[in-house]
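The chain contents come next:
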Amino acid sequence: MDAKIRGFFDSVGSFFSGGDQIPWCDHDIILGCEREAVEADKGDSDELKSDSIMRLSWALVHSKRSEDVQRGIAMLEASLANVSSPMQQREKVYLLAVGYYRSGEFSRSRQLVDQCLEVAPDWRQALVLKKTIEDRIARDGVIGIGITATAVGLLAGGIAAALSRKK
């Protein structure tokens, strides 16, 4: 019984805290990726440069800092035009979807995930992200409805109290 109660409170807590399955990235990792990208830029290998930029983009959009996420989105959008392979395009579009999700632009994120799923309908990461986005949109809707209902209730209660005082 104790496990059931704990499970209930955990589910309620995750509902309000926004717990999702998308990993976070620490600032130390971002700094390491930035150093790697600078070193790769000095070299001759275009593949090494591309890989290091991709890792840096991944780290940025998975950051807890909004300025890092915005930087990652900008990097990915700028590099999207220079993509040669469909696999690399799919990866970048997915990372853009993660970035937009992290920045709170859920509808844009969902559009990008749908693009990924058009190319690879069984791609597990994209399917998980799509479910996470839809859950977040639904949760935000429920919270919005709750706030609206509370406001209407308080307003009705205030009106009722004011009318009862007049009598």
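Everything here concerns the structure above.
Residues numbered from 1 in each chain as written. Predicted model: local features only at pLDDT ≥ 70, side-chain atom pairs only at ≥ 80, totals over all residues. Heavy atoms only, no water.

S.K.: How do you make sense of the packing of aromatic side chains when you look at a structure like this?
M.R.: What characterises a pair of aromatic rings is the spacing of the ring centres plus the angle enclosed by the ring planes. What the rule picks out here adds up to two aromatic pairs. With a centroid separation of 5.0 Å and an interplanar angle of 55 degrees, the aromatic rings of Tyr94 and Trp123 are classed as tilted. Note that Tyr94 is positioned in helix α5 (residues 86–102) and Trp123 in the loop between α6 (106–119) and α7 (124–166), a separation of 29 residues in sequence. On the basis of relative accessibility, which here comes to 10%, the residue Trp123 falls in the buried class. (Phe/Tyr/Trp six-rings, centres within 6.5 Å; stacked < 30°, edge-to-face > 60°. Helix = DSSP H or I, 4+ residues; strand = E, 2+ residues; numbered from the N terminus. Buried < 20%, exposed > 50% of the residue type's maximum accessible area, 1.4 Å probe, protein only.)

S.K.: Could you clarify how one ought to interpret helix α4 (residues 66–80) in this entry?
M.R.: Residue pairs spaced three or four apart in an α-helix point in one direction, given the helix's 3.6 residues per turn. Counted at 1.5 Å a residue, the expected span for α4 with its 15 residues is 21 Å, and the 21 Å between its end C-alpha atoms agrees. Restricting attention to buried positions, one finds in α4 the residues Asp68, Val69, Gly72, Ile73, Met75, Leu76 and Ser79. Along the axis of α4, the buried positions cluster into a sector of 165 degrees, meaning they face one direction only. α4 presents Ser66 and Ala78 as exposed residues on the side facing more than 90 degrees away from its buried surface. Buried residues along α4 sit against α2 (27–42), α3 (46–61) and α5. (Expected span 1.5 Å × (residues − 1). Arc of directions from axis to C-beta. Contact = heavy atoms within 4.5 Å.)

S.K.: In this structure, what is going on with the side chain of Ser79? I would like to understand it.
M.R.: Looking at where Ser79 falls in the secondary structure, it is placed in helix α4. At a separation of 3.0 Å, a polar atom in the side chain of Ser79 contacts the side chain of Lys92. (Polar contact = N/O pair within 3.5 Å; in protein donor to acceptor, adjacent residues only side chain to side chain.)

S.K.: Could you clarify how one ought to interpret the packing of α3 against α4 in this entry?
M.R.: Pairs of packed helices are described in terms of their axes, by the angle between the two and the distance that separates them. In contact at an axis separation of 7 Å, α3 and α4 are set at 140 degrees when each is read in the N-to-C sense. As for the relative orientation of α3 and α4, their crossing is left-handed in sense. Note on element contacts: α4 touches α3 through Asp68, Val69, Arg71, Gly72, Ile73, Met75 and Leu76, opposite Ile53, Leu56, Ser57, Leu60 and Val61. Counted by class, the contact of α3 with α4 contains eight nonpolar, two polar and two charged residues. (Axes fitted to C-alpha atoms, helices over the stretch in contact; angles between N-to-C directions. Left-handed = near helix turned anticlockwise from the far one by under 90°. Nonpolar A, V, L, I, M, F, W, Y, C, P; charged D, E, K, R; others polar.)

S.K.: Got a minute to help me understand the packing of α4 against α5 in this structure?
M.R.: Between α4 and α5, the shortest axis-to-axis distance is 9 Å and the interhelical angle comes to 150 degrees. In terms of axis orientation, α4 runs roughly antiparallel to α5. Considering how the two elements wind past one another, α4 and α5 form a crossing that is left-handed. Contacts between α4 and α5 involve Val69, Ile73, Leu76, Glu77, Ser79 and Leu80 from the first element and Gln89, Lys92, Val93, Leu95, Leu96, Gly99, Tyr100 and Arg102 from the second. (Parallel < 35°, antiparallel > 145°, perpendicular 65-115°, else oblique.)

S.K.: Where do I start with the nonpolar core in this structure?
M.R.: Nonpolar side chains in soluble globular proteins tend to end up buried together. In this structure, Tyr94, Val113, Ala126 and Leu129 are the most contacted members of the largest nonpolar core, which totals 24 residues. Of all the secondary-structure elements, those providing two or more residues to this core are α3, α4, α5, α6 and α7. No other element matches the eight residues that α5 contributes to this core. Apart from residues lying up to four places away in sequence, Ala126 is in contact with Tyr94, Val113, Cys116 and Leu117. If you look at the next biggest cluster of nonpolar residues, it comprises eight residues, including Ile30, Cys33, Leu56 and Ala59. (Core = buried A, V, L, I, M, F, W, Y, C linked by side-chain atoms within 4.5 Å.)

S.K.: I keep staring at α6 and nothing clicks. Help me out?
M.R.: Spanning 14 residues, α6 covers 20 Å between terminal C-alpha atoms, matching the ideal 20 Å at 1.5 Å per step. Within the span of α6, buried status applies to Phe106, Ser109, Leu112, Val113, Cys116 and Leu117. Taken down its axis, α6 places every buried residue within 145 degrees of arc, on the same side. Projecting away from the buried face of α6 at angles above 90 degrees are the exposed residues Glu118 and Val119.

S.K.: What's the story with the pattern of salt bridges in this structure? I'm lost.
M.R.: Side-chain pairs of opposite charge can arise where the charged atoms are in close proximity. Enumeration over the complete set of coordinates arrives at nine salt bridges. Residue Glu39 is joined to Lys42 by a salt bridge in which the shortest nitrogen-to-oxygen separation is 3.6 Å. Of the two residues, Glu39 and Lys42 both sit in helix α2, three residues apart, roughly one turn of that helix. By relative accessible area, Glu39 is classed as exposed at 51%. (Salt bridge = Lys/Arg side-chain N within 4 Å of Asp/Glu carboxyl O.)

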